[in-house]
Amino acid sequence: MAAFTKRQILENSMLEDDPNANSSIDPEEVVRPRWGPNHKGAKELANLYSRGKRIQECLSLAVSLALILCNIVYIIMYLRYENLSSVLLAAIAGIISADFTSGLVHWAADTWGSVELPIIGKHYLRPFREHHIDPTSITRHDFIETNGDNFMITIPVLGYLLWGFATQSSAHIKRSFPFRAYLFLFSMFIAMTNQIHKWSHTYFRLPGWVTWLQTCHIILPRSHHRLHHVSPHESYYCITTGWLNYPLEYVRFWPTLESIVTKFTGSKPRQDDMAWAQKRL
């Protein structure tokens, strides 16, 4: 299981409450920043955010939100007192599944591929590269840029659910309602994962209820996610709640997966990530 001393954390991750390194004791950290908005690589990556990407995010949000509203109507129609316990179990299963899925996607995007790859590089891998060398950049993104891609991921599942509600018999829907509730709640947790992630980097003006959820570790806490940002960013990938980080680190799930990928493809983990980190002024 990955464990870091306080010194390792301070030496190998950015002070997020001081993104411009104003309190750095190393003069080189100010002249040639390792992290933050003045990092050369961070500036280049931020400039790659395009109008086309913005349009995709807006469309993804619009479609996903429309599907969410339609599905909510059907769920309310079929919700009964006797299946509330099933819905509660579905919620627990949904949030655990979302936490694992967030970790798997996060690990894959952090570890493999390049910003130079067609389509997915600049559109989907770029934000991960930028986030590692300027972790607080996400706090300067609006709701659309922060959440557009996560809402896009939910569209196929929500579309499938809506099609089932609209076309299948009432009896069949009642029998499969717990599974449908699970898929819907799983989608909701996936949709909100990046917003939760953003809160874990926000040091000011968080609503009290968000701080309470973080303190209780119901959603991803700041101190917990800080461990992922200890360079070279090779652990603690789950970012919905972070609950699965402990067992996955204990069994060395991510290093084992990386060894398998490297064995069959010859690719080395985090090459592109480290290349961008080295683009200092």
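S.K.: Tell me about the packing of helix H5 (residues 84–111) against helix H6 (residues 120–133), and please be specific about residues and values.
M.R.: The N-to-C vectors of H5 and H6 enclose an angle of 80°; their axes lie 9 Å apart at closest approach. Taken together, the axis directions place H5 and H6 in an arrangement best described as roughly perpendicular. Contacts from His106, Ala109 and Asp110 in H5 reach Leu125, Phe128, Arg129 and His132 in H6. Among the residues forming the contact of H5 with H6, the class breakdown is 3 nonpolar, 2 polar and 2 charged.

S.K.: Any chance you could break down the pattern of salt bridges for me, citing the residues and the numbers?
M.R.: One pass over the full model with this rule turns up 8 salt bridges. A salt bridge links Asp142 to Arg54; the shortest N-O distance between them is 2.6 Å. On the criterion of sequence distance, the pair formed by Asp142 in the loop between H6 and helix H7 (143–167) and Arg54 in helix H4 (residues 51–78) is long-range, its members being 88 residues apart. Of the charged contacts, one joins Glu258 and Arg270 as a salt bridge, the two residues approaching to 2.9 Å between their closest N and O atoms. Of this pair, Glu258 sits in helix H13 (residues 253–265) while Arg270 sits in the loop between H13 and helix H14 (271–277), placing them 12 residues apart in sequence. By relative accessible area, Arg270 is classed as buried at 8%.

S.K.: Break down the packing of aromatic side chains for me, with residues and values.
M.R.: Inspection of every chain in the model, using the stated rule, returns 11 aromatic pairs. On the basis of an interplanar angle of 85° and a centroid distance of 5.6 Å, the ring pair of Trp199 and Trp209 is categorised as edge-to-face. With a gap of 10 residues between them, Trp199 in helix H9 (residues 177–199) and Trp209 in helix H10 (residues 208–215) connect regions that are remote in the sequence. Trp199 gets classed as buried once you look at its relative accessible area, which sits at 15%.

Parameters at a glance
Residues numbered from 1 in each chain as written. Predicted model: local features only at pLDDT ≥ 70, side-chain atom pairs only at ≥ 80, totals over all residues. Heavy atoms only, no water. Axes fitted to C-alpha atoms, helices over the stretch in contact; angles between N-to-C directions. Helix = DSSP H or I, 4+ residues; strand = E, 2+ residues; numbered from the N terminus. Parallel < 35°, antiparallel > 145°, perpendicular 65-115°, else oblique. Contact = heavy atoms within 4.5 Å. Nonpolar A, V, L, I, M, F, W, Y, C, P; charged D, E, K, R; others polar. Salt bridge = Lys/Arg side-chain N within 4 Å of Asp/Glu carboxyl O. Buried < 20%, exposed > 50% of the residue type's maximum accessible area, 1.4 Å probe, protein only. Phe/Tyr/Trp six-rings, centres within 6.5 Å; stacked < 30°, edge-to-face > 60°.

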